[in-house]
Amino acid sequence: KRGNPFNLGDEVPRHFLSVLSPAAPQPLTKGSGRLELAEAIVKEPIAIRVIVNRVWKGHFGTGIVDTPSNFGVNGERPTNPELLEYLSQWFVDHGLSIKQLHRELMLSAVYQLSSEHSQANFDKDSGNRLYWRANRHRMTAEQVRDSLLTISGALDQKMGGPSEPLTPSYSRRTVYGHVSRYRLDDYLSLFDFPSPNLSSERRF
């Protein structure tokens, strides 16, 4: 277009990232292209490592790479590269099943470690980056509320359905509670529930 040196009016064909393609990327032609894009992403080895690392971080509090959104030169190096590679290959061999990955991690010896302190180990690894003990986890707002409903016998275990406000009389699991982007529920605010408008790889 006149006065537009970058030709911003021209439509660019949808395709995978050029920088991650060994040759000219093939255009996405089926439907919206989302499925093709998703399939192209999971073919990238880095995507598998990112998924495995994030699941690990969810269970252990820190990642094998503790900068889960940055696997580049500015991110942290993996504390155990061989373990990350092993788990990534295991994940692929088991059909990319997140459920099976959770199971594998939770049945591991490291997941079942005690949180007991060892001064000798602390002197060598004060940040527990090599996982010589279990990290204590702060309970979430959902866990606190659901636990109280369970031990009181008031928990409604019905599955599915629309979300509803978390009133004192609401007895379903907290995951079914309504989360507003404009005014966070008072109960969730009390327990430092993260803002639905923000995303963060770590909460302090």
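Residues numbered from 1 in each chain as written. Predicted model: local features only at pLDDT ≥ 70, side-chain atom pairs only at ≥ 80, totals over all residues. Heavy atoms only, no water.

S.K.: Describe in detail the overall build of the protein, supporting the description with residues and values.
M.R.: Secondary structure summary: the protein contains seven helices and zero strands in total. Helices and strands in the protein line up, N terminus first, as α-α-α-α-α-α-α. Counting all 204 residues of the protein, 26% fall into the buried class. Long-range contacts, defined as pairs at least 24 residues apart, comprise 36% of the intrachain contacts of the protein with a sequence gap of at least 6. (Helix = DSSP H or I, 4+ residues; strand = E, 2+ residues; numbered from the N terminus. Buried < 20%, exposed > 50% of the residue type's maximum accessible area, 1.4 Å probe, protein only. Contact = heavy atoms within 4.5 Å.)

S.K.: If you had to explain the nonpolar core to someone new, which residues and values would you point to?
M.R.: Ranked by size, the top nonpolar core spans 14 residues in total, and within it Val52, Trp56, Leu87, Leu101 and Leu105 carry the most contacts. Elements supplying a minimum of two residues to this core: helix H2 (45-60), helix H3 (81-93) and helix H4 (98-106). No other element matches the five residues that H2 contributes to this core. When residues no more than four places from it in sequence are discounted, the contact partners of Val52 are Leu84, Leu87, Ser88, Phe91 and Leu101. Formed by nine residues, the second largest nonpolar core is a distinct cluster that contains Ala141, Tyr170, Leu184 and Tyr187. (Core = buried A, V, L, I, M, F, W, Y, C linked by side-chain atoms within 4.5 Å.)

S.K.: Pulling in residues and values, what's your account of the layout of surface pockets?
M.R.: Approximately 230 Å³ is the volume attributed to the second largest pocket. As for the second largest pocket, its lining consists of Phe16, Ser21, Pro25, Gln26, Pro27, Leu28, Glu36, Glu39, Ala40, Lys43 and Glu44. For the lining of the second largest pocket, a count of residues per class yields five nonpolar, two polar and four charged. (1 Å grid on protein atoms, 1.4 Å probe; cavity = no way out; pocket = protein on both sides within 12 Å on 5 of 7 lines; lining within 4 Å. Points joined across faces, edges and corners; volume = space filled by probe spheres on them. Nonpolar A, V, L, I, M, F, W, Y, C, P; charged D, E, K, R; others polar.)

S.K.: How would you summarise the packing of H3 against H4 if you had to cite specific residues and measurements?
M.R.: Orientation of H3 relative to H4, taken along the N-to-C sense of each, is 140°, at an axis distance of 10 Å. Comparing the axis directions of H3 and H4 gives the class oblique. Along this stretch, H3 crosses H4, giving a crossing that reads as right-handed. Here Tyr86, Leu87, Trp90 and Phe91 of H3 lie close against H4, whose contacting residues are Ile98, Gln100, Leu101, Glu104 and Leu105. (Axes fitted to C-alpha atoms, helices over the stretch in contact; angles between N-to-C directions. Parallel < 35°, antiparallel > 145°, perpendicular 65-115°, else oblique. Left-handed = near helix turned anticlockwise from the far one by under 90°.)

S.K.: How would you explain the side chain of Asn128 if you had to name every residue and give the values?
M.R.: Mapping Asn128 onto the fold places it in the loop between helix H5 (119-124) and helix H6 (141-151). Of the polar contacts made by the side chain of Asn128, one reaches the side chain of Asn135; its length is 2.9 Å. Excluding anything up to four places from it in sequence, Asn128 contacts Arg133 and Asn135. (Polar contact = N/O pair within 3.5 Å; in protein donor to acceptor, adjacent residues only side chain to side chain.)

S.K.: Before we move on, can you summarise the confidence of the model for the protein with the specific residues and values?
M.R.: Atomic detail in the predicted coordinates should be set aside for any region of low pLDDT. Averaged over every residue, the pLDDT of the protein is 85; residues scoring 70 or more account for 88%. Of all helices and strands in the protein, the one with the weakest mean pLDDT is helix H1 (residues 34-42) (79), whereas H4 scores best (97). (pLDDT = per-residue confidence, 0-100.)

S.K.: Describe in detail H6, supporting the description with residues and values.
M.R.: Note that an α-helix has 3.6 residues per turn; residues three or four places apart therefore point the same way. Three or more residues of H6 are buried, namely Ala141, Val144, Arg145, Asp146 and Leu149. Elements that come into contact with the buried residues of H6 comprise helix H7 (186-190). Backbone geometry just after H6 places Gly153 at a positive phi near 75°.

S.K.: Please give an account of the packing of aromatic side chains that cites residues and values.
M.R.: Counted under the stated rule, the structure contains four aromatic pairs. Ring geometry for Trp56 versus Tyr131: centroids 5.4 Å apart, planes at 75°, classification edge-to-face. Separated by 75 residues along the polypeptide, Trp56 in helix H2 and Tyr131 in the loop between H5 and H6 bring together distant segments of the chain. Note on Phe60 and Tyr111: the rings are 5.9 Å apart at their centroids and 85° apart in plane angle, and the pair reads as edge-to-face. Taken together, the residues span a long stretch of sequence, with Phe60 in helix H2 and Tyr111 in the loop between H4 and H5 at a distance of 51 residues. Given a relative accessible area of 6%, Phe60 falls into the buried group. Tyr111 sits in the partly exposed class, given a relative accessible area of 32%. Three or more aromatic residues joined by ring pairs form one cluster here, namely Trp56, Phe60, Tyr111 and Tyr131. (Phe/Tyr/Trp six-rings, centres within 6.5 Å; stacked < 30°, edge-to-face > 60°.)

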